[in-house]
Amino acid sequence: MANRFMLNETSYHGYGAIKEIANEAKARAFKKAFVCSDPDLIKFNVTKKVTDILDQEGLSYEIYSDIKPNPTIENVQNGVAAFKASNADYIIAIGGGSSMDTAKAIGIIIANPEFEDVRSLEGVAPTKKPCVPIIAVPTTAGTAAEVTINYVITDVERKRKFVCVDPHDMPIVAVVDPDMMSSMPKGLTASTGMDALTHAIEGYTTKGAWEMSDMFHLKAIEIISKSLRGAVNNEKAGREGMALGQYIAGMGFSNVGLGIAHSMAHTLGAVYDTPHGVACAMMLPIVMDFNKETTGEKYREIARAMGVKGVDNMTQDEYRAAAINAVRQLSADVGIPAKLAAIKEDDLEFLSQSAAADACAPGNPKEASIDDFKAMFRQLM
C-alpha cells in the first residue's frame, strides 16, 4: 500500500513572515484578496497587521468576518455569496481554525458549486477541482489548519459537527508568524496548544501512522511539551516553539488521521459549544487510557518526548501511566479543567452515537462501542 503525504506548496516561518504575503500574491499574479477573519481579530487589530501590508503594496482586498468560533453552514453559505460578489480571485485566511475552516469550505464550493448545500462535503467528498487559492495565516498555535486537508463545520440544526477531508482544500501558502499569535489570551493559548498536542499524540497512535508521520509527531510532542507553558505566559520562545510545534503536528496528522479524542471533542463542541481545544484536552488522557493496550511501545516514546526521565527503566505499565500523567499534568499546568459541568447522563446516548459516527473515529487504534463512549464521557461528570 502506498502512503500519501500532502503539504503546502510553500510555507514561511518565523517573526516577520507575514511580509511575504504581498510577494506571494504578486508572484502569482493575484488581483484581489477575499480576507476571511473573525470579528475579534478585526476588533483587536490583528487582521490589520496583514491588511496594512496589502495597503502598503497597493493590493486590493475585501474582508469577510461572518465567522463564529465553531463555524456554521450559514457562515459558509454567506461567505460563498460574499465571495461571488467581491470579484476576488484568492483567499487570505487569517485566524484560528474557525477562519481557516470557513475559508476552505468557501473556496471548495466556489470551485465545486455542486456542493453548495455544505452538508454534502462531509467525509471524503468527491470534489473535482482545487479550491480557490488560499494563503493561510494562523493566529493560534493549535489547529494547524494552514497545513491540513481537513476542516470542520457545525450543523446547528442537527446539533453536530461534521469533518470534511479533501485534498483539494490544502492552502497553497502557509505563513506561520509567531507575532500573529502574540495577542492570544492565556486561555486560548492553553486550549489551542492542547489541541495541537492531541493532534500529535493521536496522529502518532492512529491506525494510519507510519515512519514518516511518526517522525513529525514525536518532534511535535517534544516541542509542544517544552513550549506550551511558556507560550501561556506570553514568552517569546514559547510562542515561537508553539508556532512551529503545532505546524509540524499538522504535517503529520493531516496525512494519517486522528482518533476518538477528536471525535468526542467534536460532539462536545456541537452540543455544549465547548471550545475545541478544551474538549480535546479533557478527552485526551481518558482516551489514552482506553487505548493503551493497543499502542505497543509508543507511550514510552510519548513519555520521553514529554520530558519524563528514566523511561527505559520502566515497565510497560509504568511508562504508559507516565505518558498519561504527563498529559494530565501539562493540561492542569496551563489551566484546563478536567470536568465538564454541562454534561448530563441523559445526553450520553446522543453524544456517544455522534462520536461513533464522526470521521475521526475509524482511525482510533482500538474500536470503541457505544458503551465505551458512554463510560469515557462519564469521566467528565
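Above this text sits the structure in question.
Residues numbered from 1 in each chain as written. Predicted model: local features only at pLDDT ≥ 70, side-chain atom pairs only at ≥ 80, totals over all residues. Heavy atoms only, no water.

### Comments concerning the overall build of the protein
For the protein, the helix and strand inventory stands at 14 helices and 8 strands. Projecting the C-alpha coordinates of the protein onto the three principal axes gives extents of approximately 60 × 45 × 40 Å. Split into buried and exposed, the 381 residues of the protein put 59% on the buried side. Across the protein, every contact between residues at least 6 apart in sequence was considered, and the portion connecting residues at least 24 apart equals 79%. Carbon together with sulfur atoms contributes 52% to the accessible area of the protein, which is approximately 15100 Å² in total. Here the protein contributes 38 positively and 48 negatively charged side chains, and the mean placements of these two sets differ by 2 Å. (Helix = DSSP H or I, 4+ residues; strand = E, 2+ residues; numbered from the N terminus. Buried < 20%, exposed > 50% of the residue type's maximum accessible area, 1.4 Å probe, protein only. Contact = heavy atoms within 4.5 Å. Areas by Shrake-Rupley, 256 points an atom, 1.4 Å probe, with all protein chains shown as cover. Lys, Arg positive; Asp, Glu negative; His and termini not counted. Charge placed at Lys NZ, Arg CZ, Asp CG, Glu CD.)

### A look at the sheet that holds strand 5 (residues 134–138)
Strands belonging to one sheet form pairs held by backbone hydrogen bonds; the direction of such a pair is parallel or antiparallel. Strand order in this open sheet of 6 strands is 1-8-5-4-2-3, and the pairing throughout is parallel. At either margin of the open sheet sits one strand with a lone partner, and together these are strand 1 (10–13) and strand 3 (60–64). Sheet twist, expressed as the mean angle between neighbouring strand axes with direction ignored, is 15°. With 5 bridges joining them, strand 2 (residues 32–37) and strand 3 adopt parallel strand pairing. (Pairing = 2+ DSSP bridges. Axes fitted to C-alpha atoms, helices over the stretch in contact; angles between N-to-C directions.)

### Side note on the packing of aromatic side chains
Counted under the stated rule, the structure contains 5 aromatic pairs. Taken together, a centroid distance of 6.2 Å and an interplanar angle of 75° make the contact between Phe5 and Trp210 edge-to-face. Of this pair, Phe5 sits in the segment before strand 1 while Trp210 is found in the loop between helix 6 (186–205) and helix 7 (211–232), placing the two residues 205 residues apart along the sequence. Using a relative accessible area of 22% as the deciding quantity, one classes Phe5 as partly exposed. Taking the centre distance of 5.2 Å and the plane angle of 75° together, the rings of Phe34 and Phe83 count as edge-to-face. With Phe34 in strand 2 and Phe83 in helix 4 (residues 73–86), this residue pair connects regions lying 49 residues apart in the sequence. (Phe/Tyr/Trp six-rings, centres within 6.5 Å; stacked < 30°, edge-to-face > 60°.)

### Considerations on the nonpolar core
Met194, Leu197, Leu268, Met283, Ile343, Met376 and Phe377 are the most contacted members of the largest nonpolar core, which has 76 residues in total. The leading source of residues in this core is helix 10 (residues 276–291), at 11 residues. Not counting residues up to four positions away in its chain, the partners in contact with Ile343 are Leu268, Tyr272, Leu348, Leu351, Phe377, Leu380 and Met381. Core analysis: the next-biggest nonpolar cluster, separate from the first, contains 30 residues, Ile73, Ala88, Ala103 and Ala145 among them. (Core = buried A, V, L, I, M, F, W, Y, C linked by side-chain atoms within 4.5 Å.)

### Some remarks on the pattern of salt bridges
In the structure shown here, the tally under the stated rule is 23 salt bridges. In this structure, Glu157 and Arg119 form a salt bridge, with 3.2 Å as the shortest nitrogen-oxygen distance. Of the two residues, Glu157 is situated in the loop between strand 6 (150–155) and strand 7 (160–165) and Arg119 in the loop between helix 5 (97–111) and strand 5; the sequence distance between them amounts to 38 residues. Measuring nitrogen to oxygen at the nearest pair gives 3.5 Å for the salt bridge that ties Lys344 to Asp347. The class for Asp347 is buried, based on a relative accessible area of 19%. Put simply, Glu297, Arg300, Glu301, Arg304 and Asp312 are held in one network by salt bridges that share partners. (Salt bridge = Lys/Arg side-chain N within 4 Å of Asp/Glu carboxyl O.)

### Here we look at helix 7
The end-to-end C-alpha distance of helix 7, which contains 22 residues, comes to 31 Å, matching closely the 32 Å that a straight helix rising 1.5 Å per residue would cover. Along helix 7, the helix axis deviates most sharply at Lys226, where the bend reaches about 35°. Once helix 7 ends, the next one or two residues include Asn234, with phi positive near 60°. (Expected span 1.5 Å × (residues − 1). Bend = angle between axes of the 7 residues up to and from the residue.)

### Some points on the packing of helix 4 against helix 5
At their nearest, the axes of helix 4 and helix 5 sit 9 Å apart, and the two run at 55° to each other. Regarding the angle of helix 4 to helix 5, the classification is oblique. As helix 4 runs across helix 5, the sense of the crossing is right-handed. From helix 4, Asn75, Val76, Gly79, Val80, Phe83 and Lys84 reach across to helix 5, where they touch Thr102, Ala105, Ile106, Ile109 and Ile110. For the contact of helix 4 with helix 5, a count of residues per class yields 7 nonpolar, 3 polar and 1 charged. (Parallel < 35°, antiparallel > 145°, perpendicular 65-115°, else oblique. Left-handed = near helix turned anticlockwise from the far one by under 90°. Nonpolar A, V, L, I, M, F, W, Y, C, P; charged D, E, K, R; others polar.)

### Notes on empty space enclosed by the protein
Applying the stated criterion across every chain, the model contains 2 cavities of 30 Å³ or more. Taken as a whole, the largest cavity holds about 60 Å³ of empty space. Lining of the largest cavity is provided by 13 residues; of these, Glu202, Thr205, Val287, Asn291 and Asn364 occupy positions nearest its centre. At the level of elements, helix 6 and helix 10 are the ones that each hand at least two residues to the lining of the largest cavity. (1 Å grid on protein atoms, 1.4 Å probe; cavity = no way out; pocket = protein on both sides within 12 Å on 5 of 7 lines; lining within 4 Å. Points joined across faces, edges and corners; volume = space filled by probe spheres on them.)

### What to know about the pairing of strand 7
Judged from the 6 bridges that link them, strand 6 and strand 7 form a sheet pairing that is antiparallel. Pairing of Asp155 across the sheet is with Arg160, part of strand 7. In this structure, the hairpin formed by strand 6 and strand 7 is closed by a connection of 4 residues, where Lys159 is found at a positive phi of approximately 50°.

### Remarks on the side chain of His199
Turning to its location among the elements, His199 is positioned in helix 6. Given the relative accessible area of 4%, His199 is considered buried. Looking at His199, its side chain comes within polar contact range of the main-chain oxygen of Gly142, at 3.3 Å. Dropping the residues within four chain positions of it, His199 is found in contact with Gly142, Thr143, His217, Ala249, Phe253, Leu258 and His262. (Polar contact = N/O pair within 3.5 Å; in protein donor to acceptor, adjacent residues only side chain to side chain.)

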